[in-house]
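One letter stands for each residue in the lines below.
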Amino acid sequence: MARVRLNVAERREELLRAAIEQIEARGVAAVRIADVAAALGVSNALVLYHFSTKEKLVAAAFQYAAEDDLAHLRRLLGRRSTALRRLRSAVRWYAPTGQAKGWRLWIEGWAVSLREPALREVARDLDREWKAALAAVIAEGVAAGEFTCPDPSATALRLTALLDGLAVQLTSYEGAVSRARAQEWVDAALSRELELSTRPAAEDEAPRGPDGSPGAEPPGDGNG
């Protein structure tokens, strides 16, 4: 069957998705241009036309994955709900016990970024934007009187450090910690950081409307 002709942007996106799949399956060190080409049934030359080296393809693939993760995070944090509900939704999605799919990919990326400056920049930018987004919604919740947090930026850093560390434990060391226990630790850390320990759980979890009053949670995108 003849392949559908794609424009340049569509072809690049197809190649990047294939590269991410191959990296997840084989690892950054083992993946080859030929693997990406074979996965799509195209020539090596086509891949090299869009990405002149494997290093450029890998860096672009991680950039693509980072932008996808950040877009999903913005959707979660942009919902019409309380800051607390949006924050919990984002943290639970990002946590290694949630629905985020790319932990093996990012653990590979962290390791390779020690030697690859371009990939290190991608990882650093994703980390910086993730922390900034969390800090912003925490500050919003403080301003609205939903919870207490004297330093939203420091809280965002501590939460992401915990989530990253748990991701390594769950992904790399099978059996080191159960998913249920990891989720308990994440929820407990968030409660401590926001000084929620004395607040009834029902108050935190009850669905609320756009104005913060009790009501049904607005429909999401089905991923959070």
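Residues numbered from 1 in each chain as written. Predicted model: local features only at pLDDT ≥ 70, side-chain atom pairs only at ≥ 80, totals over all residues. Heavy atoms only, no water.

Between helix 5 (residues 83-94) and helix 7 (residues 117-143), the least distance of the axes is 8 Å, while the angle of their chain directions is 155°. Classified by the interaxial angle, the pair formed by helix 5 and helix 7 is roughly antiparallel. The hand of the helix 5/helix 7 crossing is left-handed. From helix 5, Ala-83, Arg-86, Leu-87, Ala-90, Val-91, Trp-93 and Tyr-94 reach across to helix 7, where they touch Trp-130, Leu-134, Val-137, Ile-138, Glu-140 and Gly-141. Tallied by class, residues from the contact of helix 5 with helix 7 come to ten nonpolar, one polar and two charged. (Axes fitted to C-alpha atoms, helices over the stretch in contact; angles between N-to-C directions. Helix = DSSP H or I, 4+ residues; strand = E, 2+ residues; numbered from the N terminus. Parallel < 35°, antiparallel > 145°, perpendicular 65-115°, else oblique. Left-handed = near helix turned anticlockwise from the far one by under 90°. Contact = heavy atoms within 4.5 Å. Nonpolar A, V, L, I, M, F, W, Y, C, P; charged D, E, K, R; others polar.)

With that settled, consider the environment of Leu-57. Mapped onto the secondary structure, Leu-57 falls in helix 4 (residues 54-77). Assessed through its relative accessible area of 4%, Leu-57 is described here as buried. Once residues lying within four places of it in the same chain are set aside, the contact partners of Leu-57 are Leu-16, Ala-19, Ile-33, Val-36, Val-47 and Phe-51. (Buried < 20%, exposed > 50% of the residue type's maximum accessible area, 1.4 Å probe, protein only.)

Our next topic: the nonpolar core. The nonpolar side chains of soluble globular proteins are, as a tendency, buried together. Judged by nonpolar contacts, the single largest core of 61 residues is most densely connected at Ile-23, Leu-57, Phe-62, Leu-87 and Leu-194. Secondary structure elements with two or more residues in this core: helix 1 (8-26), helix 2 (33-40), helix 4, helix 5, helix 6 (103-113), helix 7, helix 8 (152-172) and helix 9 (179-193). At twelve residues, the largest contribution of residues to this core is made by helix 4. (Core = buried A, V, L, I, M, F, W, Y, C linked by side-chain atoms within 4.5 Å.)

So, about the pattern of salt bridges. Evaluated as defined, the whole model comprises twelve salt bridges. Here Arg-26 ties to Asp-35 by a salt bridge, and the two come within 3.7 Å at their closest N and O atoms. Salt bridges here are not isolated pairs; linked through shared partners, they connect Arg-26, Arg-32 and Asp-35. (Salt bridge = Lys/Arg side-chain N within 4 Å of Asp/Glu carboxyl O.)

What follows covers the packing of aromatic side chains. Within the structure shown, the criterion is met by two aromatic pairs. For the pair Phe-62 and Trp-106, a centre-to-centre distance of 5.4 Å together with 65° between the ring planes defines the contact as edge-to-face. Separated by 44 residues along the polypeptide, Phe-62 in helix 4 and Trp-106 in helix 6 bring together distant segments of the chain. Residue classification places Phe-62 among the buried residues on the basis of a relative accessible area of 1%. Among the residues examined, Trp-106 registers a relative accessible area of 7% and is labelled buried. When the ring of Tyr-94 is compared with that of Trp-130, the centres are 3.9 Å apart and the planes differ by 20°; the resulting orientation is stacked. Of this pair, Tyr-94 sits in helix 5 while Trp-130 sits in helix 7; the two residues are 36 residues apart in sequence, bridging distant segments of the chain. Take Trp-130: its relative accessible area is 4%, and that puts it in the buried class. (Phe/Tyr/Trp six-rings, centres within 6.5 Å; stacked < 30°, edge-to-face > 60°.)

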